[in-house]
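Tertiary structure, described
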Amino acid sequence: MYYLGVGLLWDKDFGHSRKNYSLVVRELGHLRETCRLPWEWITDGTRMVRQEMQYDTLDDALQRHVESYRRNLWASQSRRVEVWVESDSVGGVVEPVTSAWGVGLYSCRGQSSKTFVWEAAQQYARQAKPVTVIFCGDWDPTGRCVPRSVAERLQRYGNGELDLDFRQIAITADDVRSGSLATHDVNARDVNYARYREECLREGLDPNSSVEVEALRPGVLRERLSQEIEGLVDDIRQWNIEFRAEDADRELLRALQGVARRIVRGEPAVEDDRDE
């Protein structure tokens, strides 16, 4: 919210000042606590509750499975598709898109750990399919280093045998070049700054400024990601067949739920021959 409002609602903080950012945090908190801003509009993917899934009744369990049932529509496609994001906050923005398309969402939280990348590489190798990773991250020294580092390690941990297509759709050089997004000063002490500076100069960009992916409007980012994923569906006919089959499976699960409900109540499993 801070980056979206820079230059429109408040000025950008400079130096060590956090005055305007602190104002945004305080006012958003007040709006939420006074019920003028829906709580679910702001995500927090860093805090989790770890507990086994539990159900009140068998019917409750069946209902949840009916609602959550998804076919792996990508099994019919030639590629595996995933979305990697630099931070949890961006993950909260794009999750509706990744959920709708049924693709995995990976949050790097800055530079990904060796374990995180190694496990991904092993999963790719087991599936034995070409992989496309769509990345959303900042245009700054770390944000530009993350995709390079992840792609390099995926290939190394996969013994160079992975067919990997790694593409960054935000923030891109064209996004920065447009001049429509809020910028901030680069940390020249960042260990990745020298390489970042070289890349900016090649692209004709100012190496002393950077752009956070949060500066891109959420609707724009979601639409861009959805179009990118849609373009990777190469067998549309089979996709539609599997999609219709998913609906049929869900109807079957609802019917089974009805049978189980009657059994629990001590009634006949089926009411007549047609139900059977």
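Reference entry: report on the structure contained in this document.

About the criteria used
- Residues numbered from 1 in each chain as written.
- Predicted model: local features only at pLDDT ≥ 70, side-chain atom pairs only at ≥ 80, totals over all residues.
- Heavy atoms only, no water.
- Helix = DSSP H or I, 4+ residues; strand = E, 2+ residues; numbered from the N terminus.
- Buried < 20%, exposed > 50% of the residue type's maximum accessible area, 1.4 Å probe, protein only.
- Arc of directions from axis to C-beta.
- Contact = heavy atoms within 4.5 Å.
- Axes fitted to C-alpha atoms, helices over the stretch in contact; angles between N-to-C directions.
- Left-handed = near helix turned anticlockwise from the far one by under 90°.
- Nonpolar A, V, L, I, M, F, W, Y, C, P; charged D, E, K, R; others polar.
- Pairing = 2+ DSSP bridges.
- Right-handed = clockwise from strand over helix to strand, strands pointing away.
- Expected span 1.5 Å × (residues − 1).
- Bend = angle between axes of the 7 residues up to and from the residue.

Brief notes about the environment of K19
Structurally, K19 can be placed in helix 2 (residues 19-33). When its relative accessible area of 61% is taken as the criterion, K19 is described as exposed. Spatially, the C-alpha atoms of K19 and R80 are 44 Å apart, while their sequence positions differ by 61 residues.

Describing helix 8 (residues 193-203)
Residue pairs spaced three or four apart in an α-helix point in one direction, given the helix's 3.6 residues per turn. The complete set of buried residues in helix 8 reads Y193, Y196, E199 and C200. All buried residues of helix 8 project into a common sector of 125° when viewed along the axis, lining one side. Helix 8 presents A194, R195 and R202 as exposed residues on the side facing more than 90 degrees away from its buried surface. Packing partners of the buried residues in helix 8 comprise helix 6 (141-157) and strand 6 (209-210).

A few points about the packing of helix 4 (residues 88-101) against helix 9 (residues 218-230)
Following both chains from N to C, one finds helix 4 and helix 9 inclined at 35°, their axes separated by 10 Å at the closest point. Relative to helix 9, the crossing made by helix 4 is right-handed. Here V90, V93, V94, P96, V97, T98 and W101 of helix 4 come into contact with helix 9, specifically with P218, L221, R222, L225, S226, I229 and E230. Broken down by class, the residue content of the contact of helix 4 with helix 9 amounts to 10 nonpolar, 2 polar and 2 charged.

So, the sheet that holds strand 2 (residues 104-107)
By way of backbone hydrogen bonds, the strands of a sheet pair with one another, either parallel or antiparallel. Taken in spatial order, the 4 strands line up as 2-1-3-4 in an open sheet, and their pairing is parallel. Pairing within the sheet leaves two strands with one partner each, and these edge strands are strand 2 and strand 4 (164-170). Strand-to-strand twist of the sheet, defined as the mean angle between neighbouring strand axes without regard to direction, takes the value 25°. Against the sheet, helix 5 (residues 114-127) contacts strand 1 (80-85), strand 2 and strand 3 (131-136), and its axis sits at roughly 170° relative to strand 1. Helix 9 contacts strand 1, strand 3 and strand 4 of the sheet and is inclined by roughly 155° relative to strand 4.

Focus on the pairing of strand 1
Counted residue by residue, strand 1 has 6 buried out of 6 residues, so it is predominantly covered. Side-chain alternation along strand 1 places R80, E82 and W84 on one buried face and V81, V83 and V85 on a second face that is also buried. Sheet topology note: the strand 1/strand 3 ladder contains 6 bridges and is parallel. Within strand 3, the residue paired with V85 across the bridge is C136. Looking at chain direction, strand 1 and strand 2 are connected through 4 bridges and run parallel. The residue of strand 2 that forms the bridge with V83 is L105. Handedness of the crossover is the feature at issue here: the chain leaves strand 1, passes through helix 4, returns alongside strand 2, and the resulting connection is right-handed.

Re helix 4
The terminal C-alpha atoms of helix 4 lie 19 Å apart, and with 14 residues this matches the ideal 20 Å at 1.5 Å per residue to within 8%. Of all bends in helix 4, the biggest is about 55°, found at V94, and the proline P96 comes one to four residues later. Here helix 4 has its buried residues at D88, V90, G91, G92, V94, V97, T98 and W101. Its buried side turned inward, helix 4 meets strand 1, strand 2, strand 3, helix 9 and helix 10 (236-264). Downstream of helix 4 by one or two residues, G102 has phi in the positive range, about 70°.

Fair warning: the whole summary comes from geometry, so function is off the table for now.
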